[in-house]
Amino acid sequence: MIEITKEIFDKAFSGFKIIVEEGSKVGLTDFKTNPFVIENENYKYEVLKQAKAKLLTKTWKENEIGNGRILEAVKNSIQTDIIYNYKTHQNNLIDWRKKDNFKNLSTSKETEKLLFDFFKSKIKDEVSFSKFSDLGFSYQLIAYLFFIKNPQKYLPISQKKFDLIFSSLGIDLKTSYNISWENYVEFVNIIKQFQNHLKSKFSEIELIDAHSFLWIYLHRLRNPEYKKPAVIEVQKVVVEKQKILDNYQPRLPVNIDDLTEPETEIDYVEQLRKQIEIGNLAEEIVLNDEIQFLSSIYPELANQVRSVANNPKLGFDIISFEKDGTQKQIEVKAISKGNSYKSFIITKNELQKSKTYPNYYLYCVSELESQKPTILRLKHPDFENENLFKSEPLTFRITFE
């Protein structure tokens, strides 16, 4: 096993620090929140989120092996572009030519069985790696599949670039033209050692952060003319912290004599229970409606309709399909039909995901307890379009020292 000494790490960290401070124009105090890292590297987390959202391995069934659904899900997880921080970023964790080669792979029961067993951990990773290699999968593709399966344990790879990084640091490992399980394990082990060194300087460092650390260090190798930016003297303005709680006085004091006891006490637990019950009922109505709609014309698609509401990270509730087999991502909201204006609550995550999923729908369900509930279907709703929707903040997160 190759050891990453403190001297090796310090050399890499020195180059990394120069690039980050030059690129962000601020001192390096934290890793993930540094503007340069946010702009150039943190998109990898969004790549991972979207890949897992398209895989949905928990919904895979063994009797589906061979019908093409599993291979299609894996192909969709290797998306070309992703939206992160309101910008489109290229998914460069795998070369576009490798993506195209995989996109052209034909469905076979053997391939889907291997993918099913791999993502469901029914086969040893070492065996999966060898089988992927035998199928002709590239090193980058295999590493990417391992990464999206378990990012706490595995990483994507770019052989030529990491060979350049390792060579500059005196690390004796060549990954180019060395596709093997042993080579990949050694590659990951090296990055894990960098992760451990980084943990001594920053908090909450994940394995992919160490990958990003070395990727940024690569900028230093490409731009050796970079000098450490001069320290700029900034006049410090000392402001005494306001003692918020001690100094606070209401502008309009409450008149105690006017206070009256409420007639009934609000049961917040019961309110929450009813809201959950209504939400579950709305989701059940939509789920059954989608299955019923597809059953008569496309029974195979109807069998694949399912609820994913128990995974809030996805940002939607139901997976369904168009008539042509295109997947739909459906967010369900229960609304009241009594008012001329309809309203519902949407989370920050749901709002973000409404802009990233390729075929996102909003289903608004009203008259839930009637014999014929009404479903209003909105495709690709642009919630930020003020001509169509009005949004207002209902809660705020307040932070202070």
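Residues numbered from 1 in each chain as written. Predicted model: local features only at pLDDT ≥ 70, side-chain atom pairs only at ≥ 80, totals over all residues. Heavy atoms only, no water.

1. Quick notes on the pairing of strand β5 (residues 327-334)
Within a regular strand, the side chains alternate between the two sheet faces. Spelled out, the test is: Each residue is placed in one exposure class: buried if its accessible area under a 1.4 Å probe, protein chains only, is under 20% of its type's maximum, exposed if it is over 50%, and partly exposed if it falls in between. A run of H or I in DSSP counts as a helix once it spans at least four residues, and a run of E counts as a strand once it spans at least two, with each numbered from the N terminus. Two strands are said to pair when DSSP picks up at least two bridges between them.
A large share of β5 lies buried, amounting to six of its eight residues. By the bridge criterion, four bridges tie strand β4 (residues 318-321) to β5 in an arrangement that is antiparallel. Across the sheet, the residue bridging to F321 is Q327, located in β5. The turn joining β4 and β5, which pair antiparallel and follow one another in sequence, is formed by five residues; a positive phi near 95° is taken by G325. As judged from the six bridges shared by β5 and strand β6 (residues 360-366), these two strands associate in the parallel manner. Residue pairing across strands places I330 opposite Y361, the latter belonging to β6.

2. Considering helix α6 (residues 109-119)
How we decide: In what follows, a contact means two residues having at least one pair of non-hydrogen atoms within 4.5 Å.
With eight of eleven residues buried, α6 is to be regarded as a mostly interior element. Three or more residues of α6 are buried, namely T111, E112, L114, L115, F116, D117, F118 and F119. As for α6, its buried residues are in contact with α3 (43-55), α4 (69-76), α7 (125-134) and α8 (139-149). Immediately downstream of α6, the backbone of S121 shows phi near 55°, a positive value.

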